[in-house]
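Coordinates in review
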Amino acid sequence: MLVFALKRFGSALLVMFAISVLVFLIFFATPGVDPAARIAGRNADAATLAQVRHSFGLDRPLPVRYLLMMRHLLIDRDLESFVNRGSKVIPQIVQATPVTLSLVMGAALIWMTAGILMGTAAATLRGKAADPLIMLVGVVGVSLPAYWLGEVVNLLTQKQFHDSLFSWVPPPGYVGLGQNPGQWALHMLFPWLTLALLYAGIYARLLRGEVVTALGEDYVRTARAKGLSERRILLRHALRCSLIPIVSLFGLDFGALVGGAALLTEVVFGLPGIGKLTYDALQNLDLPVIMGTVLYAAFFVVLANALVDILYARLDPRARHA
Amino acid sequence: MPEPLLDVRDLRVRFRTRQGLVTAVDGLSFSVAPGEVLGVVGESGSGKSVSMLAVLRLLTNPNVTVSGEVRFRGRDLLTLPDKEMRAVRGREIAMVFQDPMTALTPVYTVGWQIAEQIRAHERISRKEAETRAVRLLSDVGIPDAASRVHAYPHEFSGGMRQRAVIAMALSCDPALLIADEPTTALDVTVQAQILDLMRELNTQGSAMVLITHDMGVVSQIADRVLVLYGGRAAEEGPRRAVFHGPRHPYTWGLLDSVPRVGGPRLRRLPTIAGVPVSPGALPEGCAFAPRCRLRHDRCAERPVLTPGDVASHLDACWLPPDDRAGLRLTARAAGGEQSGEHGEKQSEKQGRDTEVAS
Amino acid sequence: MTTAQDGTAVPTDEVLLRATDVTKHYPLRGARRVLRAVDGVSLEVRGGETLGVVGESGCGKSTLGRCLVRLTELTGGRVEFGGQDISTLSTRRLRPVRPGMQLVFQDPQASLNPRRRAGDIVAEPLLVHRYGDAGAVRRRVAELFDVVGLAAAHLDRYPHEFSGGQRQRIGIARALATNPRLIVADEPVSALDVSIQAQVLNLFADLQEEFALTYVFIAHDLGVVRHVSDRIAVMYLGEIVELAETEALYTAPAHPYTQALLSAVPDIDDGTLADDGPPRERIVLTGEVPNPADKPTGCPFRTRCPYARERCATERPRLAPGASGRQVACHFPLAG
């Protein structure tokens, strides 16, 4: 187990190193992109450029520059943004993380609940009218883009019906959980629903397929021959086994979302999360921030992967000895 | 004859398919006496598995219709409310399926799954149920049952799994055990072990229905034999009678076409021409007629099971009831004749034609 | 080689296929152990005969079959086909040898490409080995269909439109296409219904007679193997434990495993058995086959052998030829 954990950890480090090098190279080795020019601002003369280059260490060879950046980012933790001079990268990420975590965790709770309910219901009601109906709802959810849906939600809650139906909806933005839990939940409610709708549709579809397959398995027939109730067969046998692939997929989606893939939702609802931070940094080609957020994202994806493996072994005894 | 434990009358199972209504079981009647082993044999599509699944109402496909009467201890199982039916399944009638590799839920321990069945039917504590699971596992010959009870199905070999499945089936002392090809997926030495186990169970008084395609297995363990073809009974009788003096041409074919481990070696095996009838294309008359070497005009009419020399030995065939042994030799000769140089191609062609037709 | 019972198909004495100490090991992930699927198998197949290979699941019989036609690389040992060592030939040099040896698989469903017509499936080996122009190929395919008892109307059908027996006929036609001298058939009838199984076995017999084929017939069914084979090799845990003429093997098995295997077969009691002599002694083996990655020391069968003694644990018995040409790998064989 220890060997396994060490191996896992080692490979995670390797992945993060590779990603950081890749990001670094994309920005510094891409011809036509001169970070010094961006830092110095428009119309800067050659002398200023040279000075900027020197003060940022941009005149050193690439490997040294990479190491310098990593040292500032990870060891000294004082890596500064190229664009907003003086604002450090790490605190920005630390500030954005709870926002993203709030969004993704809440949404995940909603979409898993909805997805499992819809998927299981559709599978049990197969052949009846309700099954295609539930699946249709799922497809609609999948096919509505988050940014569009978010805008529509905003339009309805903030404008059209703001004075009547949705007068209780706060303006877009984020309130910390520690500050005011009620307001926190209220602010997050529509972002949660928007993000969850997409994933609920996907998960419902996947789970329905899994449960339908499981209901046709031999072990379900055995369970029925044992005299178990249909409810028990469905929940303890068919659904239990169907959850195995779903959970592993969930881990990956969750990791990616926490890593910044909830960008569109964050932008639409004005949530200052990681996605928004990355988005803004990309707009400005702000390499230090990009590097920070990318490594942060890689960390979460790798972490989620490791958790999925552990969870998988918990859920599926067959995977334990492999 | 004692009051039968299970008495099936005119069982009919139909599937609605895209090609139309398919009859998998066509008016099947049979019974099982207490303590008796009934062997049900037939090839694929004979309806042997489907009929037993219908008895336990395990055909959940909404496109299936089952009709007839399944009397078990005086009650008609087909009309029983779901809840009462569940109380019958697993407690009074248990079933063991063909493939032990997939018959157990992979995510629970073997002991948990046995205890689950016990607790579905009896009000006992989890602890007691587990103790009983250990005893059951050791009864079916699993060594070190106390620790193996915590093993997952994938940690058992095929033979062990089938033992565990049988232990589970026996957990509530069922009056009837239905085993659907319980040894087909197993190696021959393991099969021998499982057959011994089943024989032992039978001596302890359980009645059994053993579904198989293997005539050898049936001839080793059954008290009575039911031969199915095309969802209908072709022949039924005590084991000795059926194997020593088979009456139906299909039974002759089944017995003759199996290559044996003893006796004379034939260069060519006697065959049954053509392929097993498919449930979608059952003929009006005798289902076996298209493949039968002795078919005649009468076969256009559907034969019913009628007693032959002995009242307990029945067959559904229009051939004259006496001297079936002689007719069997005639049929064999008819098949052998075609094995000659010229006739061979002829029979191949015939076989081919029937295959094309199907 | 003795003549078959009806006097036909007298095999020539020439050795067509010779395997010498063939091993096939699969490395196991993580562990430093290897799975010994085939572990030092030597055998000879004479032209025109049928050598049966029988054993339980996991005994390595299928792997051996693949080694014999070099569908898998050997870990050790050599295989000679028609006097030529094929175990070390390069893929290119192997190409002209391939048409002479073909494989028929167990599952006709899985071994036929579902998206190709039956005629195209049979034509494929002809095209690969440049049989001739399109017309010649078409004529040959039609001929092959006739030989295996399929109608010409079947040429354009897809595999799923055939019954199991017919699909196996397609597989056989494909194997026959290149006029092979050797056919290795791996459980060719075990997926078929009894009545169909008999038809396909008869087809194998007819083809052997017609084309002077040599078979290596791999199966787990002892009745089937007895029916088709002139000689039989019994495998256990990757090794041949006994190799003998069919009649000798079945009437007086020399290896305890062969004896147990035979006694475990539930034979049909149709009233004729009593004439064969006293009822066979039933030996029910305890336990199951050990893991081929963790083979017992000495004799592989000793852990389940009712006659095992001390020597069996320390010394691995070699397959040694006895007086009657029978070979047994046992320190204490039951028969000569």
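A quick note: this is a predicted structure, and the numbers were derived from the prediction, not measured. (Residues numbered from 1 in each chain as written. Chains lettered and ligands numbered in written order. Predicted model: local features only at pLDDT ≥ 70, side-chain atom pairs only at ≥ 80, totals over all residues.)

Some details on the overall build of chain A
Put simply, the rule reads: Only DSSP runs of H or I with at least four residues qualify as helices, and only runs of E with at least two residues qualify as strands; both kinds are numbered from the N terminus onward. Residue burial is a threshold on neighbouring C-beta atoms within 10 Å of the residue's own C-beta, all placed from the backbone, with 20 or more meaning buried, 12 or fewer meaning exposed, and counts in between meaning partly exposed. Contact between residues is assigned whenever the C-beta positions, reconstructed from backbone atoms, fall within 7 Å.
Looking only at helices and strands, chain A has 13 helices and zero strands in total. Mapped in sequence order, the helices and strands of chain A form the string α-α-α-α-α-α-α-α-α-α-α-α-α. Overall, the C-alpha framework of chain A stretches about 85 × 60 × 35 Å when taken along its three principal axes. Counting all 322 residues of chain A, 38% fall into the buried class. Put simply, of all contacts in chain A between residues at least 6 apart along the chain, 70% involve residues at least 24 apart.

Description of the sheet that holds strand β9 (residues 224–229) of chain B
Residues and elements named next belong to chain B. Put simply, the rule is: A strand pair is defined by DSSP finding two or more bridges across the two strands. Angles here are taken between N-to-C directions and fall from 0 to 180 degrees, while the axes themselves are lines fitted to C-alpha atoms, restricted in helices to the stretch in contact.
In space, the eight strands of this open sheet follow the order β6-β7-β8-β3-β9-β10-β12-β11, with mixed pairing throughout. Edge strands, defined here as strands with exactly one partner in the open sheet, are β6 (93–96) and β11 (306–307). Relative to strand β12 (residues 314–315), strand β10 (residues 232–238) runs antiparallel, the two being bridged by two bridges. Residue pairing across strands places Glu236 opposite Leu314, the latter belonging to β12. Sitting on the sheet, helix α1 (residues 48–55) is in contact with β3 (37–41), β7 (176–180), β8 (207–212) and β9, with an inclination near 145 degrees to β8. Across the sheet, helix α7 (residues 158–170) touches β6 and β7, and the angle it forms with β6 is around 170 degrees.

Examining the arrangement of the chains
Considering every one of the two pairs of chains in contact, the largest contact total is recorded for chains B and C. The smallest C-alpha distance separating chain A from chain C is 9 Å, and no contact links them.

Thoughts on the pairing of strand β8 (residues 214–219) of chain C
All names here are of chain C. Counting buried positions over the six residues of β8 gives six, a clear majority of the element. By the bridge criterion, five bridges tie strand β3 (residues 50–54) to β8 in an arrangement that is parallel. Each bridged residue has a counterpart across the sheet, and for Val54 the counterpart in β8 is Ala219. Judged from the five bridges that link them, strand β7 (residues 182–186) and β8 form a sheet pairing that is parallel.

Describing the interface of chain B and chain C
On the side of chain C, 43 residues touch chain B, which itself brings 44 residues to the contact. The leading source of residues in the side of chain B that touches chain C is helix α8 (residues 188–203) of chain B, at eight residues.

Considerations on the nonpolar core
The criterion, for reference: Linking buried Ala, Val, Leu, Ile, Met, Phe, Trp, Tyr and Cys residues through C-beta atoms within 7 Å yields a set, and such a set is a nonpolar core.
If you look at the biggest cluster of nonpolar residues, it comprises 283 residues, and the most contacted ones within it are B:Leu137, B:Ala164, B:Val209, B:Leu210, C:Ala173 and C:Val234. At 15 residues, helix α8 (residues 181–215) of chain A tops the list of elements feeding residues into this core. Not counting chain neighbours up to four residues away, the residues in contact with B:Leu137 comprise B:Ile142, B:Ala145, B:Arg148, B:Val149, B:Ala164 and B:Ala167.

As for the packing of helix α5 (residues 89–124) of chain A against α8(A)
Residue and element names in this part refer to chain A. Heads up, the condition is: Should the near helix be turned counterclockwise from the far one by less than a right angle, the crossing is left-handed, whereas a clockwise turn marks it as right-handed. Here the term charged refers only to Asp, Glu, Lys and Arg, the term nonpolar to Ala, Val, Leu, Ile, Met, Phe, Trp, Tyr, Cys and Pro, and the term polar to all other amino acids, Gly among them.
Running from N to C, α5 and α8 cross one another at 35 degrees; their axes reach a closest spacing of 5 Å. Judged by the sense of rotation from one axis to the other, the crossing of α5 with α8 is right-handed. Grouping the constituent residues of the contact of α5 with α8 by class yields 25 nonpolar, five polar and one charged.

Some points on the environment of A:Thr113
Secondary-structure assignment places A:Thr113 in helix α5. Separated by 87 residues in sequence, A:Thr113 and A:Ala200 place their C-alpha atoms 8.2 Å apart.

Thoughts on the interface of chain B and chain A
With 23 residues of chain B at the contact, the number on the chain A side is 20 residues. Elements that contribute at least two residues to the side of chain B that touches chain A include exactly α2 (82–88), β6, α3 (100–103) and α4 (110–121) of chain B. If one sorts the elements of the side of chain B that touches chain A by residue count, α4(B) sits on top with three residues. Among the residues forming the side of chain B that touches chain A, the class breakdown is 13 nonpolar, six polar and four charged.

Side note on the environment of B:Arg161
Residues and elements named next belong to chain B. Relative to the helices and strands, Arg161 resides in helix α7. In this structure Arg161 comes out as buried when scored by C-beta crowding, with 22 C-beta atoms within 10 Å. Beyond its immediate sequence surroundings of up to four residues, Arg161 is in contact with Pro100, Met101, Leu104, Pro153 and Phe156.

With respect to helix α1 (residues 61–68) of chain C
Residue and element names in this part refer to chain C. Taking burial as the measure, the eight residues of α1 include seven buried ones, the bulk of the element. Residues Lys61, Ser62, Thr63, Leu64, Gly65, Cys67 and Leu68 constitute the buried set of α1. Downstream of α1 by one or two residues, Arg70 has phi in the positive range, about 50 degrees.

Some remarks on the environment of A:Leu186
Structurally, A:Leu186 is set in helix α8. Note: C-alpha distance between A:Leu186 and A:Tyr174 (12 residues apart in sequence) is 9.6 Å.

Concerning the pairing of strand β1 (residues 6–17) of chain B
Residues and elements named next belong to chain B. The pairing of β1 with strand β2 (residues 20–32) spans 10 bridges and is antiparallel. Bridge pairing in β2 links Asp7 to Ser31. Counting the residues that bridge the hairpin from β1 to β2 gives two residues.

Some points on unusual backbone geometry
Residue and element names in this part refer to chain C. In this structure, Asp21 is a non-glycine residue whose phi angle is positive, near 50 degrees. The topology assignment puts Asp21 in strand β1 (residues 15–27). At Arg70, a position not held by glycine, the phi torsion is positive, near 50 degrees. Arg70 gets classed as partly exposed once you count the C-beta atoms within 10 Å, which come to 19.

Some thoughts on helix α4 (residues 62–75) of chain A
Heads up, the rule is: Helix span is expected to be 1.5 Å times the residue number reduced by one.
In this model α4(A) runs 19 Å from its N-terminal to its C-terminal C-alpha over 14 residues, within 8% of the 20 Å that 1.5 Å per residue would give. A:Arg77 sits one or two positions beyond α4(A) and adopts a positive phi of about 55 degrees.

Focus: the sheet that holds β3(C)
All names here are of chain C. What the eight strands build is an open sheet, ordered β6-β7-β8-β3-β9-β10-β12-β11; its pairing is mixed. With one partner strand each, in any of the chains shown, β6 (101–104) and β11 (320–321) form the two edges of the open sheet. With four bridges joining them, β3 and strand β9 (residues 231–236) adopt parallel strand pairing. Bridge pairing in β9 links Gly52 to Ile232.

What to know about the packing of α4(B) against α7(B)
Residue and element names in this part refer to chain B. Basically, it comes down to this: Should an angle lie under 35 degrees it is considered roughly parallel, over 145 roughly antiparallel, and from 65 to 115 roughly perpendicular; all remaining angles are considered oblique.
As a packed pair, α4 and α7 sit with axes 9 Å apart at the nearest point and diverge in direction by 20 degrees. Between α4 and α7, the angle is such that the two are roughly parallel. Of the two elements, α4 crosses α7, and the hand of that crossing is right-handed. Residues Val110, Gln113, Ile114 and Gln117 of α4 form the contact with α7, whose own contacting residues are Ala164, Ala167 and Met168. Within the contact of α4 with α7, the residues separate by chemical class into five nonpolar, two polar and no charged.

Quick look at the confidence of the model for chain A
This is how it is decided: What pLDDT conveys is the predictor's confidence in a given residue, as a value from 0 to 100.
With 96% of its residues at a pLDDT of 70 or more, chain A has an overall mean of 85. When mean pLDDT is compared element by element in chain A, helix α9 (residues 218–225) of chain A scores highest at 95, while helix α2 (residues 35–40) of chain A scores lowest at 70.

Brief notes about the confidence of the model for chain C
All names here are of chain C. When pLDDT is averaged along chain C, the result is 87; 92% of the residues meet or exceed 70. Looking across chain C, the model is least confident in helix α3 (residues 108–111), with a mean pLDDT of 76, and most confident in β3, with 97. A low-confidence stretch, residues 1–10 stays under pLDDT 50, and its non-local contacts, those more than four residues away or across chains, total 15 contacts. Note that residues 275–279 has pLDDT below 50 and, in this model, two contacts with residues that lie over four places away or in other chains. Both scores are given for the predicted complex: the pTM is 0.84, the ipTM 0.85.

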